[in-house]
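Each chain, written out:
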Amino acid sequence: MAFPIQRLRRLRRTETLRRMVRETRLSVDQLIYPLFITAGQGVQEPIGAMPGNYRWSLDRLPGEIEEIASLGIPAVLLFGIPADKDPEATGAWHERGIVQEALRVVKGAAPELVAVADTCLCEYTSHGHCGRLDERGQVLNDATLELLVRTAVAQAAAGADIIAPSDMMDGRVAAIRAGLDANGFDQIPIMSYAAKFASGFYGPFREAAGSTPAFGDRRGYQMDPPNRREALREVLLDIEEGADIVMVKPAVAYLDIIRDVREAVPHPVAAYHVSGEFSMIKAAAANGWIDEQRVATETLTSIARAGADLIITYYAKDVAGWIS
Ligand code: PBG
């Protein structure tokens, strides 16, 4: 007897049937939109390699924030481009630092919107590395923690709803947790960039934020891309140290890691669809080689399917429009 044909196509016959059996759904509730804040007045400066994304000055921010909130996007992730940089990253932790100012503006414009502060020093150090340096130009781990804690506490004091350390120093989650708790911020969660890889996909971001290291690279602190088991160590350690949400970054080139983390821990998992992953779709679409909406939706769906609860993406505003 011939093998009976299993008719999987029955449930693919119409869009309504497909809609009923769809296993993964993108929702606006899971999106976090990154924003770049710069000094100056009246600035809405396009970021060359990231079409549709801008550097905003504080006075132009309320309009953008209101638009984001009206699209139903629940959260923004703030990055600062300071007017001045120094070896101590003063702009990162000063109470008048650009992100602290931006946090006050965001919370004033849309109090319900969740303001996530990226906690790192590379945008604020004169050398562009994510910490204090020794005389040989190596990033000092423990001496950097103190500056990160100062930054996180200043961000929380300015109204940050979530602290998101992206520096990859060892022990920073425990240090930041202790610092937040000691300063009355025990209700402020930490979303750690737990498995953050030293990736070529950060190129457009570094142009946008002016955070390319003046010498060397970040391989001495960010993870080596081939390492899968080590990513789990990073995640488990961050959770032990007090992380409330763990992040994998980048996303598309690391879907296996997202899946590993999803299966290993019950915590919310975030994935960062990073600048280079965004720009590649934009560039191909601009050439007419791919259908942007279709490829972007398929890409973000793959990140959710891999196991991410939250997706940080420069496509957040577009997606909110597409799926509403
Ligand atoms: C700061 C930071 C970076 C990104 C997020 N936070 C750059 C880096 O680590 O070099 C990259 C985000 C993106 O590419 O979209 N450390």
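The structure we're discussing is the one just above.
Residues numbered from 1 in each chain as written. Predicted model: local features only at pLDDT ≥ 70, side-chain atom pairs only at ≥ 80, totals over all residues. Heavy atoms only, no water.

(A) Representation of the site of the ligand. What surrounds the ligand is a group of 18 residues, the closest being K196, R206, K249, S275 and Y314. Here R218 contributes a side-chain N or O atom positioned 2.9 Å from an oxygen atom of the ligand. Take Q222: an N or O atom from its side chain is 2.9 Å from an oxygen atom of the ligand. When the free accessible area of the ligand is taken as 400 Å², the share hidden by the protein chains comes to 100%. Taking a 2 Å distance to the grid points as the criterion, the majority of the atoms of the ligand fall inside the largest cavity. Class assignment of the residues belonging to the shell around the ligand gives a composition of nine nonpolar, three polar and six charged. (Near = heavy atom within 4 Å. Polar contact = N/O pair within 3.5 Å; in protein donor to acceptor, adjacent residues only side chain to side chain. Areas by Shrake-Rupley, 256 points an atom, 1.4 Å probe, with all protein chains shown as cover. 1 Å grid on protein atoms, 1.4 Å probe; cavity = no way out; pocket = protein on both sides within 12 Å on 5 of 7 lines; lining within 4 Å. Sits in = over half its atoms within 2 Å of the grid points. Nonpolar A, V, L, I, M, F, W, Y, C, P; charged D, E, K, R; others polar.)

(B) Molecular detail of the nonpolar core. With 103 residues, the main nonpolar core has L35, F36 and M191 as its most contacted residues. Counting residues per element, this core draws most heavily on helix α5 (residues 141-157), at seven residues. In this structure M191 touches I32, V116, I162, I163, A164, P165, I245, M247, A270 and I312, once residues within four positions along its chain are discounted. (Core = buried A, V, L, I, M, F, W, Y, C linked by side-chain atoms within 4.5 Å. Buried < 20%, exposed > 50% of the residue type's maximum accessible area, 1.4 Å probe, protein only. Helix = DSSP H or I, 4+ residues; strand = E, 2+ residues; numbered from the N terminus. Contact = heavy atoms within 4.5 Å.)

(C) Structural view of helix α12 (residues 316-323). A316, K317, V319 and A320 are the residues of α12 that are buried. Burial along α12 is one-sided: seen end-on, the buried residues are contained in an arc of 165 degrees. The secondary structure elements touched by the buried residues of α12 are β1 (31-38), α2 (61-70), α11 (292-306) and β10 (310-313). (Arc of directions from axis to C-beta.)

(D) Structural view of the environment of R96. Mapped onto the fold, R96 is located in the loop between α3 (90-93) and α4 (98-109). Given a relative accessible area of 57%, R96 falls into the exposed group. Between the alpha carbons of R96 and A158 there is a distance of 9.3 Å; along the sequence they are 62 residues apart. If we ignore the near neighbours within four places in the chain, the residues touching R96 are E101 and R104. Separated by 2.6 Å, the side chains of R96 and E101 make a polar contact.

(E) Examining a positive patch on the surface more closely. On the surface, a cluster of positive charge is made up of R7, R9, R10 and R12. Here R12 lies in the segment before α1 (15-20). (Patch = residues over 30% accessible without salt bridge, like charges linked within 9 Å, V, L, I, M, F, W, Y side chains within 5 Å. Salt bridge = Lys/Arg side-chain N within 4 Å of Asp/Glu carboxyl O. Lys, Arg positive; Asp, Glu negative; His and termini not counted. Charge placed at Lys NZ, Arg CZ, Asp CG, Glu CD.)

(F) Highlighting unusual backbone geometry. Omega for the peptide link from K249 to P250 comes to -10 degrees, which places this bond in the cis form. Take P250: it is sitting in the loop between β8 (245-249) and α9 (255-264). With phi around 55 degrees, A89 is a residue other than glycine that occupies positive phi space. With respect to the helices, strands and loops of the structure, A89 is situated in the loop between β4 (75-81) and α3. One non-glycine residue, M168, adopts positive backbone phi at about 70 degrees.

(G) Spatial organisation of empty space enclosed by the protein. Inspection of the entire model under this criterion finds one cavity of 30 Å³ or more. For the largest cavity, the calculated volume is near 150 Å³. Lining of the largest cavity is provided by 19 residues; of these, F79, K196, Y202, F205 and K249 occupy positions nearest its centre. At the level of elements, β7 (191-196) and α7 (203-209) are the ones that each hand at least two residues to the lining of the largest cavity. Its residues assigned to classes, the lining of the largest cavity shows nine nonpolar, four polar and six charged. (Points joined across faces, edges and corners; volume = space filled by probe spheres on them.)

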